[in-house]
Amino acid sequence: MNRLLCGLAANPALPPELVDRLIALAAAAPEPSDLSDPADFLTDMLVWHLSERADLGPAQVAALAALDEDTPARLAHDGHLGAADVDPAVWPLAALALLDEGRALPEWARRFAADPDPSLRWRLASCPGLPADVEDALAADVDSEVAAELALWTTSASVAARLARHPHAEVRQAVAHNEAAPPAALAALLTGHGLPPALTCLVCDGREIPFTHDPHCPDVDCDLPADAACDGTHGSTVHNTWQRALANPAAPPEAVAAFADHPSVLLRWAVAEHPGLPAEVYARLAGDPDPRVRASVARNPGSGPEVSRVLAADPEVEVRRAVAHHPRVPFDVLERLTPTTRLGQEPLPRISAATPEELAQGAASAHPRVRMLVAHRHDLPPELRDRLAADPDASVAKAVAPHPGLSPERLRAMVALHGQQVLARVAANPEAPGDLLAEVARHDPPAQRALREIASHPHATAEALLPCLAGGRSRVSAAAHPALPAAVVVGLLDDPDPDVVEAAAGNPALPPAVMAQRMP
């Protein structure tokens, strides 16, 4: 197998007879035994690409399904197999894939709940919409991993409450993460009130206690976390259970607030992420010595403007940045933060929720970075958008350049005014015409980021794409672009870069005769 064949397998223009030939090649290859082996990996990728094709016929689906035990599940997930096509005794993974998507026969869930293979019961436990009797069976499963998987995914409050009392601590930890768990159960996991003590955990399942895991454990087969420890009270698992329950928005605020002064920074950090605490708890956490805790409070939707104002002056830049990402940070605080704190390229939640008046206020700010924040929002009123597109500051123009409403004339004016500083963002505009993209691609010196945008742009022409093949990371995307001339695509099949070869082989501009010629 080689990368060219993988590219052909993904090519939407591959004729049906050549799809058949690739399936036959996959069937003739030795069954993969170790995906770290390049040959086995490529065989698996070939089958993967073939399974994802939208144009498979019934005979091709059947031939692919016969290759191995995993492929029928892929075909089921991609809609090629339905309940009428699958025998759960023959293709259990495909049947479970259909159960996961709600397209299976109801009796299959009961069949797998009683299956002797715990790995199949474990997969079943994460499927949505299971009948109540099936969830009851999985909750009582002799394998704690099955019960833990159900505890993580069940949407039944009564099942989650029952599993919070499970004798295995790992099951209780999974309940703590589940937002469908009832508040009383989460409170009990935090306080221990009303719960019988857990009898075992993953640590004491296989180790003599007391046991503390060496964080530099030399055992390559050891799957215990670095901080695993148990002295009979299942210490590390209980700590992780608290951490998950504290961050769970369904946990009762009074139970969570009790951990606000806990010595463990990880637990205080989890408290700081809870959205429903009293204002005084957030105020206390805003003074926490650990900046991770303060940053979590700063971005927490439940904390109020008072906390935002305090933390906007925090000495740690990550905390101030978190304040700016609060969805209801006061607009004046955001304006104060922006000139001194780098806030990234994505629209901030507060800007996304800003009123037209606030947007106009920000766009008129004397600070370019405030104007830039507004420019990142790409649903601006046309007059505000066009005003920002003509901004004399390149950072503002860059932010607004990908806005889909900008005319080609305005995009050209931005390039004329700011040059290389805005080329990549102009090339990212979804409405940029092909002739403008070609102009940007010919820029001297070449703008590599712009070339990467052009290489995957739907309006890119052959003239715009050819410079993208000269070097850099744009070559792979350009090799896959359907506007690339067929002769160029054919030449790329012999490129020294295997990523380029696979991309070119997957290009629908590749002539079918060449596809057939390049197959073994």
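Structure's up top.
*Asks:* I would appreciate a short explanation of the overall build of the protein in the present structure.
*Replies:* Helix and strand content of the protein: 36 helices and two strands. For the C-alpha atoms alone, the extent of the protein along its principal axes is close to 70 × 70 × 45 Å. Looking at the protein as a whole, 48% of its 520 residues qualify as buried. Across the protein, contacts joining residues at least 24 apart in sequence account for 49% of those joining residues at least 6 apart. Here the protein displays about 23800 Å² of accessible surface, and carbon together with sulfur accounts for 57% of that area. Once the 41 positive and 69 negative side-chain charges of the protein are each reduced to a mean point, those two points are 9 Å apart.

*Asks:* How do you make sense of helix α17 (residues 265–272) when you look at a structure like this?
*Replies:* For an α-helix, 3.6 residues make a turn, and residues three or four places apart therefore share a direction. Among the residues of α17, L267, R268, A270, V271 and A272 are the ones counted as buried. Close packing links the buried residues of α17 with α15 (235–247), α16 (253–257), α18 (279–285) and α19 (291–299).

*Asks:* Help me out: how do you make sense of a negative patch on the surface in this one?
*Replies:* Taken together, E145, D219, D221 and D223 make up a surface patch of like negative charges. With respect to the element layout, D219 can be found in the loop between β1 (211–212) and β2 (229–230).

*Asks:* Honestly, the packing of aromatic side chains in this entry has me stumped. Any pointers?
*Replies:* The geometry of an aromatic ring pair comes down to the distance between the two centres and the angle between the two planes. Evaluated as defined, the whole model comprises one aromatic pair. Directly above the aromatic system of F112 lies the positively charged group of R111, at a separation of 5.0 Å from the ring centroid. R207 extends its terminal NZ or CZ atom over the ring of F211, reaching a point 5.5 Å from the ring centre.

*Asks:* Help me out: how do you make sense of the environment of V19 in this one?
*Replies:* Here V19 shows up in helix α2 (residues 16–28). On the accessibility criterion, V19 (1% relative accessible area) is buried. Sequence-distant contacts of V19, that is, excluding residues within four places in its chain, are made with L14, L50, R53, L56 and Q60.

*Asks:* I'm lost on the nonpolar core in this one. Help?
*Replies:* Here is a general trend for soluble globular proteins: nonpolar side chains tend to be buried in one another's company. Among the nonpolar cores identified, the biggest contains 155 residues, and L8, L22, L124, L163 and I454 are the most heavily contacted of them. Among residues more than four places away in sequence, those in contact with L8 are L14, L22, R53, A505, G506, L510, M515 and M519. Grouped together as the second largest cluster of nonpolar side chains are 10 residues, A169, C201, V203 and A228 included.

*Asks:* What am I meant to see in unusual backbone geometry here?
*Replies:* Generally, phi is negative for residues other than glycine and the peptide bonds are trans, each holding for most cases. Here I209 and P210 are connected by a cis peptide whose omega angle stands at 0 degrees. Here P210 shows up in the loop between α14 (202–206) and β1. Omega for the bond connecting D444 with P445 falls within 30 degrees of zero, at 5 degrees, which places this linkage in the cis form. With respect to the secondary-structure elements, P445 resides in the loop between α30 (434–441) and α31 (448–455). Phi is positive for H234, which is not a glycine, with a value near 60 degrees. Checked against the element boundaries, H234 lands in the loop between β2 and α15. Looking at H234, the relative accessible area reads 3%, which means it is buried.

*Asks:* What am I meant to see in the side chain of H49 here?
*Replies:* Structurally, H49 is set in helix α3 (residues 38–51). When near neighbours in sequence (up to four residues on either side) are disregarded, H49 contacts C6, A9, A10 and E502.

*Asks:* How should I be thinking about the packing of helix α24 (residues 356–363) against helix α26 (residues 382–389) in this particular structure?
*Replies:* How two helices sit against one another is set out by the angle between their axes and by the gap between those axes. At a minimum axis distance of 11 Å, the contact between α24 and α26 shows a crossing angle of 15 degrees. Considering their axes alone, α24 and α26 lie roughly parallel with respect to each other. In this structure, α24 crosses over α26, and the sense of that crossing is left-handed. On the side of α24, the interface is formed by L359, A360 and A363, while α26 contributes L384, R387 and L388. For the contact of α24 with α26, a count of residues per class yields five nonpolar, no polar and one charged.

*Asks:* For this particular structure, what's the right way to read the side chain of R350?
*Replies:* Residue placement: R350 occurs in helix α23 (residues 349–352). Of note is the side chain of R350, whose polar atom sits 2.7 Å from the side chain of E358. Every residue in contact with R350, bar those within four places of it in the chain, is listed here: H326, P327, R328, V329, F331, L334 and E358.

*Asks:* I tried to follow the pattern of salt bridges on my own but got confused; where do I start?
*Replies:* Two side chains with opposite charge may pair up if their charged atoms get near one another. Enumeration over the complete set of coordinates arrives at 26 salt bridges. Here R350 makes a salt bridge to E358, at a shortest N to O gap of 2.7 Å. For the salt bridge of R412 with D435, the shortest nitrogen-to-oxygen distance reads 3.1 Å. Here R412, found in helix α28 (residues 408–418), pairs with D435, found in helix α30; they are 23 residues apart in sequence, far enough to count as distant. For R412, a relative accessible area of 27% puts it in the partly exposed group. Classification of D435 as partly exposed rests on a relative accessible area of 46%.

*Asks:* Is there a simple way to explain the packing of helix α12 (residues 169–177) against α15 in this structure?
*Replies:* Where α12 meets α15, the axes come as close as 7 Å, and the angle between the chain directions of the two elements is 15 degrees. Taken together, α12 and α15 sit at an angle that is classed as roughly parallel. In this structure, α12 meets α15 at a crossing whose hand is left-handed. Contacts between α12 and α15 involve A169, E170, R172, Q173, A176 and H177 on the former and, on the latter, T237, N240, T241, R244 and A245. Counted by class, the contact of α12 with α15 contains three nonpolar, five polar and three charged residues.

Scoring rules and cut-offs
- Residues numbered from 1 in each chain as written.
- Predicted model: local features only at pLDDT ≥ 70, side-chain atom pairs only at ≥ 80, totals over all residues.
- Heavy atoms only, no water.
- Helix = DSSP H or I, 4+ residues; strand = E, 2+ residues; numbered from the N terminus.
- Buried < 20%, exposed > 50% of the residue type's maximum accessible area, 1.4 Å probe, protein only.
- Contact = heavy atoms within 4.5 Å.
- Areas by Shrake-Rupley, 256 points an atom, 1.4 Å probe, with all protein chains shown as cover.
- Lys, Arg positive; Asp, Glu negative; His and termini not counted.
- Charge placed at Lys NZ, Arg CZ, Asp CG, Glu CD.
- Patch = residues over 30% accessible without salt bridge, like charges linked within 9 Å, V, L, I, M, F, W, Y side chains within 5 Å.
- Salt bridge = Lys/Arg side-chain N within 4 Å of Asp/Glu carboxyl O.
- Phe/Tyr/Trp six-rings, centres within 6.5 Å; stacked < 30°, edge-to-face > 60°.
- Lys NZ or Arg CZ within 6 Å of the ring centre and 35° of its normal.
- Core = buried A, V, L, I, M, F, W, Y, C linked by side-chain atoms within 4.5 Å.
- Axes fitted to C-alpha atoms, helices over the stretch in contact; angles between N-to-C directions.
- Parallel < 35°, antiparallel > 145°, perpendicular 65-115°, else oblique.
- Left-handed = near helix turned anticlockwise from the far one by under 90°.
- Nonpolar A, V, L, I, M, F, W, Y, C, P; charged D, E, K, R; others polar.
- Polar contact = N/O pair within 3.5 Å; in protein donor to acceptor, adjacent residues only side chain to side chain.

Just distances and angles here, no functional claims.
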